[in-house]
Amino acid sequence: MSTLERQKVIIRGLLPADFDSVVRIDAKNIGRRREEFFKVKLMQNLAETGVKISLAAELDEIFVGFLLARVFYGEFGSTEPVAILETIDVHPDFRGHGVARALLGQLGENLNGLSVEFLRTEVDWNQPELLTFFNHEGFVPAQRLCLDLNLARARELREEREEAAL
Ligand SMILES: CC(C)(COP(=O)(O)OP(=O)(O)OC[C@H]1O[C@@H](n2cnc3c(N)ncnc32)[C@H](O)[C@@H]1OP(=O)(O)O)[C@@H](O)C(=O)NCCC(=O)NCCS
């Protein structure tokens, strides 16, 4: 890709007015509309002061992608602040133009300004292409395991143990 092509990607802070575009692009990528999720996320983003770390990308003034990120302090017993990348979405028609890399690059700059050294994310089991992208951009598996507990299953286990103890 030429430098000129890359220069056309403009990165700016994500705005509440971007809501419709955000929901539309995300729905194209994941196959369902996540209105409630993004309503909350954009409100959080608006409420946060200081350096904006949720970003929008424009190519020739067209909204073509975005990412949502937040900084957490002292999560899971860690003493270092860590940024969490919650979502990254590029419109399918505008992929391969360096949009995601420009978004991540600007995020890295903004986090650097906040003295945040780590960016963390999670990838759905059924999104291997996202995994290969993150791998390509330098992400590696974290030194921690992410665990899920189905609370109904936990109740069943408790009941089974109580019955066994009788
Ligand atoms: C993955 C995704 C973000 C990439 O966006 P993009 O703008 O096309 O990526 P870029 O053009 O910035 O690519 C940057 C680099 O990554 C590479 N790349 C892009 N997609 C890749 C993939 N799926 N696997 C491996 N490498 C990939 C590019 O080739 C480029 O590398 P190069 O410059 O060395 O050739 C985009 O395909 C997307 O939005 N996918 C859907 C994501 C999704 O489902 N989000 C919702 C849940 S979080």
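Residues numbered from 1 in each chain as written. Predicted model: local features only at pLDDT ≥ 70, side-chain atom pairs only at ≥ 80, totals over all residues.

## Focus on the pairing of strand E2 (residues 55-59)
The element E2 is largely enclosed, with a buried count of four among its five residues. Relative to E2, strand E1 (residues 9-13) runs antiparallel, the two being bridged by five bridges. Looking across to E2, one finds that Arg12 is bridged to Ala56. Hairpin connection between E2 and strand E3 (residues 62-72): a loop of two residues separates the two successive antiparallel strands, and Asp60 in this loop has a positive phi of roughly 50°. (Buried ≥ 20, exposed ≤ 12 C-beta atoms within 10 Å, placed from the backbone. Helix = DSSP H or I, 4+ residues; strand = E, 2+ residues; numbered from the N terminus. Pairing = 2+ DSSP bridges.)

## Examining unusual backbone geometry
The backbone of Glu61 sits at a positive phi, close to 70°, despite the residue not being glycine. Checked against the element boundaries, Glu61 lands in the loop between E2 and E3. For Ser115, which is not glycine, the phi torsion reads 60° and is therefore positive. Here Ser115 lies in the loop between helix H4 (99-113) and strand E5 (118-121). Its 8 C-beta neighbours within 10 Å are what place Ser115 among the exposed residues.

Function cannot be read off these values alone, since they describe shape.
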